[in-house]
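# Coordinate analysis (summary)
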Amino acid sequence: KAGVTQTPRYLIKTRGQQVTLSCSPISGHRSVSWYQQTPGQGLQFLFEYFSETQRNKGNFPGRFSGRQFSNSRSEMNVSTLELGDSALYLCASSPQTGGLWGALKANYGYTFGSGTRLTVV
Amino acid sequence: AQKITQTQPGMFVQEKEAVTLDCTYDTSDPSYGLFWYKQPSSGEMIFLIYQGSYDQQNATEGRYSLNFQKARKSANLVISASQLGDSAMYFCAMNPNNYGQNFVFGPGTRLSVLP
């Protein structure tokens, strides 16, 4: 089956611009999470969407936003780019359903994409 | 706040030998999940193994096993019979509440397998 697809794979933007990254989850997965990975800060959670609603949010400024569509595809947007936003952005999807079994299934089914490498110059 | 600590920035192991990667965690939640991921140079995070906080037995997945010591808050990964393809970054992660996905990751350990 197809994995988690992130587009584009690489991106170069200028400071001050905005950028939109896309994540298509595995078919049937309803939860999509986003992470930022930098050499200095490591992997940090950005936000999670479930059924088009933001369910969890990390500690990032308001310049970072996201949304999820009815087909579970998700986008994240970064406005007014700064040099420090250069990073690998990873998204992950899971087949979260209700109950304890759903949670267990979600944990085992949590799958990452290959990431979008954003460079801000 | 939840935190994951991996004290080994880099590790070397001879091919076919076993290696243990250390991970300690800090959380006040009674229910949580612990994970190990492998990240090769391509960047993709590859799931290796999962341990739930209420699981009585240590998790095993093929050559990977998780040495879970709840009282010490440690979740070390053991890789048996190392292979050259095991060379990668390894991350320990915690899902703080076991519902929803908002993982906390450790800084990672770079494992190099020597021929």
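### Description of the pattern of salt bridges
- Using the criterion set out here, one finds seven salt bridges over all chains in the structure.
- The closest approach of N and O atoms between E75(A) and R67(A), which form a salt bridge, is 3.3 Å.
- Here R63(B) ties to D86(B) by a salt bridge, and the two come within 2.8 Å at their closest N and O atoms. Of the two residues, R63(B) sits in the loop between β7 (60-61) and β8 (64-69) while D86(B) sits in the loop between β9 (74-79) and β10 (88-95), which places them 23 residues apart along the sequence.
- R63(B) gets classed as partly exposed once you look at its relative accessible area, which sits at 22%.
- When salt bridges that share partners are traced, they join R63(A), E82(A) and D85(A) into one network.

### Observations concerning the side chain of S31(A)
- Within the fold, S31(A) resides in strand β4 (residues 31-38).
- At 2.7 Å, the side chain of S31(A) and the side chain of E48(A) are in polar contact.

### Here we look at the packing of aromatic side chains
- The final tally for this structure, using the stated rule, is 19 aromatic pairs over all chains.
- Judged by centre distance (5.2 Å) and plane angle (65°), the ring pair of F60(A) and F64(A) falls under edge-to-face. As far as burial versus exposure is concerned, F60(A) and F64(A) are alike and both buried.
- Between F91(B) and F105(B), the ring centres sit 6.3 Å apart and the planes meet at 85°, which makes this aromatic pair edge-to-face. In this pair, F91(B) sits in strand β10 while F105(B) sits in strand β11 (residues 104-105), placing the two residues 14 residues apart along the sequence. F105(B) matches F91(B) in its accessibility class, with the two residues each being buried.
- A network of ring pairs unites the aromatic residues Y35(A), F45(A), Y110(A), F112(A), F35(B), Y37(B), F47(B), Y50(B), F91(B), F103(B) and F105(B) as a single cluster.
- The positively charged end of R55(A) is found above the aromatic ring belonging to F50(A), 4.4 Å away from the centroid.
- The ring of Y64(B) carries R63(B) above its face, with NZ or CZ at 5.5 Å from the centroid.

### A few points about the sheet that holds strand β8 (residues 74-78) of chain A
All names here are of chain A.
- Spatially, four strands are ordered β1-β3-β8-β7 in an open sheet, and the strand pairing comes out antiparallel. The open sheet has two free edges, formed respectively by β1 (5-7) and β7 (64-68), since each of these has just one partner strand. When the angles between neighbouring strand axes are averaged without regard to direction, this sheet yields 20°.
- Bridging between β1 and strand β3 (residues 19-24) involves three bridges; their strand directions are antiparallel. Bridging from a neighbouring strand, T7 pairs with S22 of β3.

### A short note on the pairing of strand β12 (residues 109-114) of chain B
All names here are of chain B.
- Residue alternation in β12 divides its side chains into a buried set, T109, L111 and V113, and an unburied set, R110, S112 and L114.
- One ladder, built from five bridges, connects strand β2 (residues 10-14) with β12; its direction is parallel. Within β12, the residue paired with Q14 across the bridge is L114.
- Taken together, the three bridges between β10 and β12 define a ladder with antiparallel strand orientation. Note that in β12 the partner of M89 across the bridge is R110.

### Details of the state of the cysteines
- Following the criterion strictly, the structure yields two disulfides over all chains and no others.
- There is a disulfide in this structure between C23(A) and C91(A), and the S-S distance comes to 1.8 Å. On the sign convention where negative is left-handed, the bridge of C23(A) and C91(A), at about 60° about the S-S bond, is right-handed. Taken together, the residues span a long stretch of sequence, with C23(A) in strand β3 and C91(A) in strand β9 (residues 87-94) at a distance of 68 residues. C91(A) matches C23(A) in its accessibility class, with the two residues each being buried.
- Residue C23(B) pairs covalently with C92(B) via a disulfide, S to S 2.0 Å. A torsion of -60° about the S-S bond marks the disulfide between C23(B) and C92(B) as left-handed. With C23(B) in the loop between β3 (19-21) and β4 (24-26) and C92(B) in strand β10, this pair connects stretches of sequence that are 69 residues apart.
- We classify C23(B) as buried; its relative accessible area is 0%.

Calculation notes
Residues numbered from 1 in each chain as written. Chains lettered and ligands numbered in written order. Predicted model: local features only at pLDDT ≥ 70, side-chain atom pairs only at ≥ 80, totals over all residues. Heavy atoms only, no water. Salt bridge = Lys/Arg side-chain N within 4 Å of Asp/Glu carboxyl O. Helix = DSSP H or I, 4+ residues; strand = E, 2+ residues; numbered from the N terminus. Buried < 20%, exposed > 50% of the residue type's maximum accessible area, 1.4 Å probe, protein only. Polar contact = N/O pair within 3.5 Å; in protein donor to acceptor, adjacent residues only side chain to side chain. Phe/Tyr/Trp six-rings, centres within 6.5 Å; stacked < 30°, edge-to-face > 60°. Lys NZ or Arg CZ within 6 Å of the ring centre and 35° of its normal. Pairing = 2+ DSSP bridges. Axes fitted to C-alpha atoms, helices over the stretch in contact; angles between N-to-C directions. Disulfide = S-S within 2.5 Å.

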